[in-house]
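# Fold and contact review
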Amino acid sequence: MFGQTQAFSGFAVDDLDEARRFYGETLGLRVEETGEGEMRTLILTLGSGARVFVYPKETHTPATFTLLNFPVDDIGSAVDELERRGVSLELYPGFDHDEKGIVRVGDGGPAAIAWFTDPAGNVLSVLQEN
């Protein structure tokens, strides 16, 4: 039924201006602002061309799951660049992180993954596939 639609995902943030700066300047995504006043929203365009809707919500609660995953060829370099841009990695109990905060996984999943959050506390990841 929906196999041919241009479906998109969306998530909330508590500060649209901070989200615009983070996703546009820090992560380097194309960010478009739509609407005005209380109806302002953002559209993020990912490298694949997929679009993600970002909307403000006063009672925002950060997602407890990973909202966006960014696959890269070299996770070490990507983590170094994130840190250079002021992004700190999240270290979760139960995972063995290396000195950079990267979890080396393998066995059917990504080869390595590291998590970080946006200014609203939503969880994102950078991962290197096998």
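Residues numbered from 1 in each chain as written. Predicted model: local features only at pLDDT ≥ 70, side-chain atom pairs only at ≥ 80, totals over all residues. Heavy atoms only, no water.

Attention now moves to the side chain of aspartate 118. Relative to the elements of secondary structure, aspartate 118 occurs in the loop between strand 8 (112–117) and strand 9 (123–128). A polar contact is formed between the side chain of aspartate 118 and the backbone nitrogen of alanine 120, at a distance of 2.9 Å. Discounting residues that sit within four places of it in the chain, aspartate 118 has contacts with Phe11, Val13, Phe22, Tyr23 and Leu124. (Helix = DSSP H or I, 4+ residues; strand = E, 2+ residues; numbered from the N terminus. Polar contact = N/O pair within 3.5 Å; in protein donor to acceptor, adjacent residues only side chain to side chain. Contact = heavy atoms within 4.5 Å.)

Turning next to the pairing of strand 2 (residues 30–34). Of the strand pairs in this sheet, strand 2 and strand 3 (residues 41–45) are connected by five bridges, and their pairing is antiparallel. Bridge pairing in strand 3 places glutamate 32 opposite isoleucine 43. Where strand 2 folds back on strand 3, the antiparallel hairpin that results is connected by six residues, among which glycine 35 adopts a positive phi of roughly 75°. (Pairing = 2+ DSSP bridges.)

Here threonine 34 shows up in strand 2. For the pair threonine 34 and phenylalanine 53, spaced 19 residues apart in the sequence, the C-alpha separation amounts to 10.0 Å. Residues within four places of threonine 34 in sequence aside, it is in contact with Met39, Arg40, Thr41 and Ile43. Within the structure, threonine 34 has its side chain in polar contact with the side chain of threonine 41 (distance 2.3 Å).

On to helix 1 (residues 16–26). Think of an α-helix as 3.6 residues a turn; residues three or four steps apart then line up on the same face. Leu16, Ala19, Phe22, Tyr23 and Thr26 are the residues of helix 1 that are buried. The buried residues of helix 1 occupy an angular sector of 155° when projected down its axis, which confines them to one face. The opening residue of helix 1 is aspartate 15, an N-cap whose side-chain oxygen sits 3.0 Å from the backbone nitrogen of aspartate 17. Directly beyond the C-terminal end of helix 1, a positive phi value near 75° is found at glycine 28. (Buried < 20%, exposed > 50% of the residue type's maximum accessible area, 1.4 Å probe, protein only. Arc of directions from axis to C-beta.)

So, about the pattern of salt bridges. In the structure shown here, the tally under the stated rule is ten salt bridges. Residues glutamate 81 and arginine 85 are paired through a salt bridge, measuring 2.7 Å at the closest nitrogen-oxygen approach. Judged by its relative accessible area of 27%, glutamate 81 is partly exposed. Note that arginine 104 and aspartate 98 form a salt bridge whose closest N and O atoms lie 3.1 Å from each other. Each member of the salt-bridge network shares a partner with another, and the members are Asp17, Arg20, Glu33 and Arg40. (Salt bridge = Lys/Arg side-chain N within 4 Å of Asp/Glu carboxyl O.)

By size, the foremost hydrophobic cluster in this structure holds 29 residues, and its most contacted members are Phe11, Tyr23, Leu44, Leu68, Phe116 and Val126. Counting residues per element, the ones that place at least two in this core are strand 1 (9–13), helix 1, strand 3, strand 4 (51–56), strand 5 (66–72), helix 2 (75–84), strand 8 and strand 9. In this structure, Val103, Trp115, Val123 and Leu127 belong to the second largest nonpolar core, which totals five residues. (Core = buried A, V, L, I, M, F, W, Y, C linked by side-chain atoms within 4.5 Å.)

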